[in-house]
Amino acid sequence: MTETPDAPDIRVTGKTAAPLSPAALPALRRRVQAVLVTTQILGGLGIATGVALAAVLATEVSGTDALAGLASTATVAGPALLAMPLAALMTRRGRRAGLVLAYLLGALGAGVAVLGAALDSFPLLLVGLVGFGAGSSANLTARFAAADLAPPDRRARAISTVVWATTIGAVLGPNIAAPAGRSVAGLGIPVAAGPFLWAAVVFVVSALVVALLLRPDPLLTARALAAADGAGDRPEDRSLRAGLRAVRESPQARIALVTVVASHTVMVSIMSMTPVALTHHGAGIELIGLVISVHIAGMYAFSPVMGRLSDRLGRLAVIGLAVGLLGIAALLAGTAGGSHTRVAAGLFVLGLGWSAGLVSGSALLTDSVPQAARASVQGLSDTAMNTAAGLGGLLAGVVVSRAGYGPLNAIAACLLLPMAALALRGVLRRA
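If you're wondering where the values come from, they're calculated on a predicted model, not measured in any experiment. (Residues numbered from 1 in each chain as written. Predicted model: local features only at pLDDT ≥ 70, side-chain atom pairs only at ≥ 80, totals over all residues. Heavy atoms only, no water.)

Quick word on the overall build of the protein chain
(1) Moving on: Along its length, the protein chain carries 17 helices and two strands.
(2) Moving on: With 431 residues in all, the protein chain has 59% of them scored as buried.
(3) Moving on: Long-range pairs, those at least 24 residues apart, make up 82% of the contacts in the protein chain with a sequence separation of at least 6.
(4) Moving on: About 16100 Å² of surface is accessible on the protein chain, with carbon and sulfur atoms providing 68% of the total. (Helix = DSSP H or I, 4+ residues; strand = E, 2+ residues; numbered from the N terminus. Buried < 20%, exposed > 50% of the residue type's maximum accessible area, 1.4 Å probe, protein only. Contact = heavy atoms within 4.5 Å. Areas by Shrake-Rupley, 256 points an atom, 1.4 Å probe, with all protein chains shown as cover.)

Topic: the packing of helix H4 (residues 122-147) against helix H14 (residues 340-368)
(1) Moving on: As a packed pair, H4 and H14 sit with axes 10 Å apart at the nearest point and diverge in direction by 50 degrees. By the angle between their directions, the pair H4 and H14 is classed as oblique. The two elements H4 and H14 meet at a crossing, and its hand is right-handed. Here H4 contributes Leu140, Arg143 and Phe144 to the contact with H14, which in turn contributes Trp354, Leu358, Ser362, Leu365 and Thr366.
(2) Moving on: Considering only residue class, the contact of H4 with H14 consists of five nonpolar, two polar and one charged. (Axes fitted to C-alpha atoms, helices over the stretch in contact; angles between N-to-C directions. Parallel < 35°, antiparallel > 145°, perpendicular 65-115°, else oblique. Left-handed = near helix turned anticlockwise from the far one by under 90°. Nonpolar A, V, L, I, M, F, W, Y, C, P; charged D, E, K, R; others polar.)

What to know about the nonpolar core
(1) Moving on: Counting residues in hydrophobic clusters, the biggest one holds 76 residues, and the most contacted among them are Leu347, Leu350, Trp354 and Tyr405.
(2) Moving on: Among all residues touching Tyr405, those that are not within four sequence positions of it are Ile270, Met273, Thr274, Ala277, Ala333, Val343, Leu347 and Val400.
(3) Moving on: Within the second largest apolar cluster, 55 residues are counted, among which are Val32, Ala177, Ala199 and Ala200. (Core = buried A, V, L, I, M, F, W, Y, C linked by side-chain atoms within 4.5 Å.)

Regarding the environment of Val398
(1) Moving on: Mapped onto the fold, Val398 is located in helix H15 (residues 374-402).
(2) Moving on: A sequence separation of 333 residues divides Val398 from Asp65, and the C-alpha atoms of the two residues are 8.4 Å apart.

Focus on the packing of aromatic side chains
(1) Moving on: Applying the stated criterion across every chain yields a total of five aromatic pairs.
(2) Moving on: Seen in terms of ring centroids, Phe132 and Phe203 are 5.8 Å apart; in terms of plane orientation they differ by 45 degrees. Their pairing is tilted. Taken together, the residues Phe132 in helix H4 and Phe203 in helix H7 (residues 194-213) connect sequence positions 71 residues apart. Neither residue differs from the other here; Phe132 and Phe203 are each classed as buried.
(3) Moving on: Put simply, the rings of Tyr103, Phe132, Phe196 and Phe203 pair up and form one aromatic cluster. (Phe/Tyr/Trp six-rings, centres within 6.5 Å; stacked < 30°, edge-to-face > 60°.)

Some words on the environment of Gly282
(1) Moving on: By secondary structure assignment, the location of Gly282 is in the loop between helix H10 (251-280) and helix H11 (285-300).
(2) Moving on: The spatial distance from the C-alpha of Gly282 to the C-alpha of His340 is 9.5 Å, given a sequence separation of 58 residues.

With respect to the environment of Leu105
(1) Moving on: You can see Leu105 is positioned in helix H3 (residues 95-118).
(2) Moving on: Along the chain, Leu105 and Gly131 lie 26 residues apart, while their C-alpha atoms are 5.8 Å from each other.
(3) Moving on: Among residues more than four places away in sequence, those in contact with Leu105 are Leu82, Gly131 and Ala134.

Points about the pattern of salt bridges
(1) Moving on: The tally for this structure, following the rule as stated, stands at six salt bridges.
(2) Moving on: With a closest N to O distance of 2.7 Å, Arg95 and Asp148 form a salt bridge. Placement of Arg95 in helix H3 and of Asp148 in the loop between H4 and helix H5 (155-175) is noted, with a sequence separation of 53 residues between them.
(3) Moving on: Exposure remark for Arg95: the relative accessible area of 2% places this residue in the buried category. (Salt bridge = Lys/Arg side-chain N within 4 Å of Asp/Glu carboxyl O.)

Remarks on the confidence of the model for the protein chain
(1) Moving on: Averaged over the protein chain, the pLDDT score is 85; the fraction of residues at 70 or greater is 91%.
(2) Moving on: The low-confidence segment residues 1-8, where pLDDT is below 50, has 16 contacts with residues more than four positions distant or belonging to other chains. (pLDDT = per-residue confidence, 0-100.)

Let's talk about unusual backbone geometry
Across residues other than glycine, the phi torsion is negative in most instances, and most of the peptide bonds are trans.
(1) Moving on: Between Arg215 and the following residue, Pro216, the backbone shows a cis peptide bond with an omega angle of -5 degrees.
(2) Moving on: Tracing the chain through its elements places Pro216 in the loop between H7 and helix H8 (218-228).
(3) Moving on: With a phi angle near 55 degrees, Asp120 is a residue other than glycine that sits in the positive phi range.
(4) Moving on: Mapped onto the elements, Asp120 comes out in the loop between H3 and H4.

Points about H11
(1) Moving on: A rise of 1.5 Å per residue sets the reference length of H11, with its 16 residues, at 22 Å; its end C-alpha atoms lie 22 Å apart and thus fit the reference within 8%.
(2) Moving on: Those residues of H11 not exposed but buried are Ile288, Gly289, Val291, Ile292, Ser293, His295, Ile296, Ala297, Gly298, Met299 and Tyr300. (Expected span 1.5 Å × (residues − 1).)

Notes on the side chain of Ser160
(1) Moving on: Residue position: Ser160 is located in helix H5.
(2) Moving on: If sequence neighbours within four positions are ignored, Ser160 has contacts with Ser303, Pro304, Gly307 and Val359.

A closer look at the packing of H10 against H15
(1) Moving on: Between H10 and H15, the least distance of the axes is 8 Å, while the angle of their chain directions is 30 degrees. Relative to H15, the element H10 is oriented roughly parallel. Along this stretch, H10 crosses H15, giving a crossing that reads as right-handed. Along its contact with H10, which presents Leu257, Val260, Val261, His264, Thr265, Val268, Ser269, Ser272 and Met273, the element H15 presents Ser381, Ala384, Met385, Asn386, Ala388, Ala389, Gly392, Gly393, Ala396, Gly397 and Val400.

Given below as structure tokens:
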């Protein structure tokens, strides 16, 4: 997207256009990014607070480790189910409407999860965790909102800045799990459910911030700017069918889609069962919170580095880096045995690999499809990544209960092979 002195003046408010000086576009980018950063901090706090104990809570309520994986499956099932409806809503109404809905559904789900735990109802807990996952759907979708107005040569950095913002809340989240749990003492609510009660409040605040401050809407503004530059589109160009066609017609988009799906699935499969594995080796809630915090720091704190590398070295180079990091993480964690330090190191590298894959894959996906089809393609990406991760989390619980944590890491590493093969093929095509 270029800015020229004679470019038409455009501003989008709701569905209407009003004057916007081209000189005001940088300020608009900064405003949008500031709002997204704020909500990422808040949303990250809510998500991480709950996710740190989802598997532990599921084990307590169900009474078996074999069903613990269903907790992570439920939390990613929410984003998987919501991604396409959110994409359709944002295509019609913009990013703001979709993000507000996702955060409110996350708050409702967190409340239902607390109720399920209090009633010792495993099915109700799972229903709540599905809704709770909608909050993470909002945080994931925000990375694409950051890319809406970013110039192509800074797109990965824009995505990575918003991903990075999650660091603050996400690192703090697991460490306030203990006080959140103590806050419900005497209320008939299990200690492990306390963080979900706090998460519900945080999600409501996030929804309010987006509703009041994310104006004008970045997606609608980008669409209006494209139309002013002569790149307008028809409603049918924004459909799911158009998005699927765009992915089929672009080898780069297919590489990006596989990268995002594989990176997220490997990360969720290993991370979701790590708290359970740690409890088998004597870890308490504080240590589990610390290990998950280290993991989340790896996921988010270094994302600006991944964004800069992706913009400078190219998306495929960073995808290759993601493959290497995720493979090393599986090796470290899978061979840790009773070493909590080795598990923490593996989880940190796992987070780094996820960050490299998500940032480079998301930027490549946005680069590779027409502007009109981006929202539907991005929704398709989030649906695929969360569906695959949900299945991974489900199977992870079964693998750990029957074979152990080490074999789980070995199986997860095998999922990297298609990602590596496609990335290598893409590099050879360019050579």
